[in-house]
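# Notes for the structure review
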Amino acid sequence: SIIKECVDNIRLSKGVTLDMDATPIDDSKTYELFSNGETTAVFQFESPGMKKYLRGLKPNRLEDLVAMNALYRPGPMEYIPLFVDRKNGRVPIVYDHPLMEPYLKDTYGITVYQEQVMLQSRALGGFTRGESDTLRKAMGKKNFSLMEKLKVKFLDGCQANEKFMEGCKEMGKDAVELINKIWKDWEAFASYAFNKSHSVCYAYVAYLTGYLKANHPAEFMAAVLSRNLSSIDKITIFMDECQRMGLEVLGPDVNESYHKFTVNKSGAIRFGMGGIKGVGEGAVIDIINEREKNGPYQDIYDFVERVNLQSVNKKNMEALATAGAFDGFGTIKRSQFFAEEGSEVSFLESLVRYAHRMKSERSNAQQSLFGGAAEVMVQKPVLPNIPEWPKLVMLEKEKALIGIYLSAHPLDDYKFELTHFTTPDVTLQNLSPEEINNLKGREVIVGGMVTEAREAMTKTGKPFSVMTLSDYKGSCQFYFFGQDYVKFSNYCKQGLFLLVKGKTLPRYGNSDQLELKVDLIELLSEVRSSRVKNVTLELPLHRITKEFIQDLDAQAMANKGNANLRFNIWDAENKIMINLFSRNTRIELTNDLLHFLQKQEDLVLKVN
């Protein structure tokens, strides 16, 4: 279904109709994607463990993907490191007998599929096709009593096979010992035997999805997002993947969006109107049909005049406005739709009334003597002059309707603090019960926004508080009892932005489970003033120009504070670095100063 959706997206955005049956099986970009482990959303190959093995294997042919699909299951997984080493030439490929090589060559000497056992039983032990299929069934059903009977036949068949016996003699191996070893390996294999034809089908579909992701990334991710609209957790994962891939995901727009995620003419992914809560499918279809029939909507007045007000009603328009679907008009803020300035009704309600009157007047207008329609004059409602909602309010409303923060994230204002003062590569998701054991005994600092908070009483009547802290990747709950409640309960308020420091220790009453024992909480808004003591600018000698010095001096004067200003100037030609500091200038690392520094080419900013 994702492949079909992606093909539709490609046809819509590029005017190209792909024939997936004609997909080249040797596409280098596709194998590069698999080799880099960039397989999020790729069928059957998206787990963290699989990604790790793919990066080691460096697959360059379909057979490698087929084998990995069969091996990545409980039991055969233990053979994956050997498979990877043999593939990359770190370990020699060996065969128990030369007759086995034609059947094990594709898997580097390791038995992976039931079909390999079937073919070898015929080549070595003289089994008929029917007998080899009986062996396959016995292995698949783990019928060891039947396999024991077949073992006798295999032993006799191998000893009667002249080529097998000659091969044993040339290798200096005892024939009976070798037969018993081969059979013992097959018995062990019976516990995880996999059908190659199944694995080929899975791997081929995986290759096709990998091909689309590698060659049509925006259209592929749009299809993946469309197919997971009902799962916010998955949407968040795939949105992060879009960001990693450098794909821009734009909010819904009445002039570009379709029902599902699609790709616009500039190659950006556009959120589908069907993903907005409260906007029905009928409304979306009518908006799209009118747009395709009579062209893009020019402004909000043009929109309400043209759409079917039976399906695109006030409730639908409220959801569209809140989610930003009218932002593309550029002349109206989201807050203005809901303003009641100088009126008992909102601007949106006035718009709907205006549109109904306009349509009624048009339908009743009499034809003039010259055959032309009489001009209809209805007063347009005046746009209220009010400011936009505060950023956090707007984003929370947006999230309530589309499930995620899309146009921005509340934490964006604190990216600097989160980058410089939290533990690298540790997120709140890493503190979940499933992952926290990887951080055993470590001191960590994390940051985020309080998205939920409550206070309650224990069974013994003691107060405690609970807060959920969320960052870009996930969230974590923190419980505060006793003295921790006294110290930290004031921070348990929804909407606060916090920096949390603690150590992972065994949970009270359950030593098998770890938790972050919090010992410090700070407001993110105060982190720069409390923690930034030194600001160091590291830059090459050729960047020290008169213009730069004047601009920096002006910024320092405008942003005076308590932090020391230091410089690391390096001369690449002479391989020299000089450390300098300002004796008379103290600064505050404000957003204006930070923005100025981040715009400077070749400048590295360090703080402590």
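Residues numbered from 1 in each chain as written. Predicted model: local features only at pLDDT ≥ 70, side-chain atom pairs only at ≥ 80, totals over all residues. Heavy atoms only, no water.

### Examining the overall build of the protein
Note the following rule: Strands are runs of DSSP state E lasting at least two residues, helices are runs of H or I lasting at least four, and both sets are numbered from the N terminus onward. Atoms counted for the radius of gyration: C-alpha only. Globule rule: 2.2 Å times residue count to the power 0.38. Only protein chains enter the calculation, and the probe is 1.4 Å; a residue is then buried if its accessible area is under 20% of its type maximum, exposed if over 50%, and partly exposed in between. Contacts are assigned to residue pairs that have any heavy atoms within 4.5 Å of one another. Using a 1.4 Å probe, accessible areas were evaluated by the Shrake-Rupley method; residue-level cover was limited to the displayed protein chains. We treat Lys and Arg as the positive residues and Asp and Glu as the negative residues; His and chain ends play no part in the count. Here the site of a charge means NZ on Lys, CZ on Arg, CG on Asp, or CD on Glu.
A count of helical and extended segments in the protein gives 24 helices and 12 strands. Relative to the 2.2 N^0.38 estimate, which gives 25 Å for 608 residues, the radius of gyration of the protein is 33 Å and therefore markedly larger than a compact globule would have. Principal axes of the C-alpha set define a box for the protein whose edges measure 100 × 85 × 70 Å. The proportion of buried residues among the 608 residues of the protein is 46%. By sequence separation, contacts in the protein at least 24 residues apart represent 61% of the contacts at least 6 residues apart. Accessible surface for the protein amounts to roughly 32000 Å². Of this, 50% is attributable to carbon and sulfur atoms. Where the 77 positive side-chain charges of the protein centre and where its 79 negative ones centre are 3 Å apart.

### Remarks on helix α9 (residues 144–159)
Defined as follows: Given the number of residues in a helix, its expected span is that number minus one, multiplied by 1.5 Å.
Its 16 residues place the ends of α9 22 Å apart at the C-alpha level, agreeing with the 22 Å of an ideal helix rising 1.5 Å per residue. Of the residues making up α9, those classed as buried are Met147, Leu150, Phe154, Gly157 and Cys158. Taken together, the buried residues of α9 touch α7 (114–125), α8 (129–140), α10 (162–171) and α11 (175–189).

### Examining the pattern of salt bridges
Applicable threshold: Within this document, salt bridges are pairs made up of a side-chain nitrogen of Lys or Arg and a carboxyl oxygen of Asp or Glu, the two lying within 4 Å of each other.
This structure, assessed with the given rule, holds 31 salt bridges. Across the pair Asp133 and Lys137 runs a salt bridge, and its minimum N-O distance is 3.8 Å. Here Lys137 and Asp133 lie together in helix α8, a separation of four residues that amounts to about one turn. A salt bridge links Asp413 to Lys391; the shortest N-O distance between them is 3.3 Å. With Asp413 in the loop between α19 (391–402) and α20 (415–421) and Lys391 in helix α19, this residue pair connects regions lying 22 residues apart in the sequence. Residue class for Lys391 comes out partly exposed when judged on its relative accessible area of 34%. Through salt bridges with shared partners, a single ionic network connects Glu38, Lys213, Glu241 and Arg244.

### Topic: the packing of helix α1 (residues 2–14) against helix α12 (residues 196–215)
Selection rule: Axis lines are fitted through C-alpha atoms, for helices just across the contact stretch, and the angle between N-to-C directions can take any value from 0 to 180 degrees. Note that the term roughly parallel is reserved for angles under 35 degrees, roughly antiparallel for angles over 145, roughly perpendicular for angles of 65 to 115, and oblique for everything else. Crossing handedness: left-handed means the near helix sits turned counterclockwise from the far one by under a right angle, and right-handed means the same turn made clockwise. Polar here means any residue outside two lists: the nonpolar Ala, Val, Leu, Ile, Met, Phe, Trp, Tyr, Cys and Pro, and the charged Asp, Glu, Lys and Arg; Gly therefore counts as polar.
Running from N to C, α1 and α12 cross one another at 25°; their axes reach a closest spacing of 11 Å. Taken together, the axes of α1 and α12 lie roughly parallel to each other. Pair α1 / α12 crosses with left-handed handedness. Within the contact between the two elements, α1 uses Ile3, Cys6, Ile10 and Lys14 and α12 uses Val205, Leu208, Thr209, Leu212 and Asn215. Tallied by class, residues from the contact of α1 with α12 come to six nonpolar, two polar and one charged.

### A word on the packing of aromatic side chains
For clarity, the cut-off: The pairing test for Phe, Tyr and Trp rings, Trp by its six-membered ring, is centres within 6.5 Å, and the orientation test on the planes gives stacked under 30 degrees, edge-to-face over 60, and tilted for anything in between. A ring has a charge above it when a Lys NZ or an Arg CZ is no more than 6 Å from the ring centre and no more than 35 degrees off the ring normal.
What the rule picks out here adds up to 23 aromatic pairs. Measuring from centroid to centroid gives 5.5 Å for Phe34 and Phe45, while their planes differ by 80°, and the two rings are edge-to-face. Remark: Phe45 occurs in the loop between α2 (28–35) and α3 (48–57) and Phe34 occurs in helix α2; sequence separation between them is 11 residues. Both residues of the pair, Phe34 and Phe45, count as buried. A centroid spacing of 5.3 Å and a plane angle of 35° characterise the contact between Phe326 and Phe337, whose relative ring orientation is tilted. Of this pair, Phe326 sits in the loop between α17 (314–322) and α18 (347–364) while Phe337 is found in the loop between α17 and α18, placing the two residues 11 residues apart along the sequence. Assigned by exposure class, Phe326 and Phe337 land together as buried. Counting every residue linked through ring pairs, the aromatic cluster contains Tyr297, Tyr301, Phe303, Phe326, Phe329, Phe337, Phe347 and Tyr354. A cation sits over an aromatic face here: Lys52 above Tyr53, 4.9 Å from the ring centre. The ring of Tyr258 has Arg291 lying over it, and the distance from NZ or CZ to the ring centre is 4.9 Å.

### Regarding the sheet that holds strand β5 (residues 463–470)
Stated formally: Note: two strands are recorded as paired if DSSP finds a minimum of 2 bridges between them.
Strand order in the open sheet formed by five strands is β6-β5-β4-β7-β8, with antiparallel pairing between adjacent strands. Two strands in the sheet have a free side with no partner beyond their single neighbour: β6 (475–480) and β8 (510–523). Strand-to-strand twist of the sheet, defined as the mean angle between neighbouring strand axes without regard to direction, takes the value 45°. As judged from the eight bridges shared by strand β4 (residues 443–457) and β5, these two strands associate in the antiparallel manner. Looking at β5, one finds that Val450 is bridged to Leu469.

### With respect to the side chain of Asn69
Threshold: Any pair of N or O atoms that falls within 3.5 Å is considered a polar contact. Within protein, one atom must be able to donate a hydrogen and the other to accept it, and sequence-neighbouring residues count only if both atoms are side-chain atoms.
When you line up the elements, Asn69 lands in helix α4 (residues 62–71). Residue class for Asn69 comes out buried when judged on its relative accessible area of 5%. A distance of 3.1 Å separates the side chain of Asn69 from the side chain of Gln44, its partner in a polar contact.

### A closer look at the sheet that holds strand β9 (residues 534–540)
Strand pairs in the sheet, formed through backbone hydrogen bonds, run parallel or antiparallel to each other. With mixed pairing, the four strands of this open sheet are ordered in space as β11-β10-β9-β12. Where the open sheet ends on each side, the last strands, each with one partner, are β11 (576–587) and β12 (604–607). Direction aside, neighbouring strands of the sheet carry axes that sit 20° apart on average. Two elements, strand β10 (residues 560–571) and β11, share nine bridges in a ladder whose sense is antiparallel. Counterpart to Ile569 in the pairing with β11 is Ile578.

### Observations concerning the nonpolar core
The test is simple: Side-chain atoms within 4.5 Å link the members of a nonpolar core, which is a set of buried Ala, Val, Leu, Ile, Met, Phe, Trp, Tyr and Cys residues.
Ranked by size, the top nonpolar core spans 92 residues in total, and within it Ile269, Phe303 and Phe326 carry the most contacts. If near-sequence neighbours (up to four positions away) are discounted, Ile269 is found in contact with Ala218, Met221, Ala222, Leu225, Cys242, Leu247, Glu248, Val249, Leu250, Phe261, Thr262 and Val263.

### Overview of α3
Operational definition: The arc under discussion is defined with respect to the helix axis, by the directions toward the C-beta atoms.
Those residues of α3 not exposed but buried are Met50, Lys51, Tyr53, Leu54 and Leu57. All buried residues of α3 lie within an arc of 165° about the axis, which places them on one face of the element. Once α3 finishes, Lys58 follows within two positions and takes phi at roughly 55°, a positive value.

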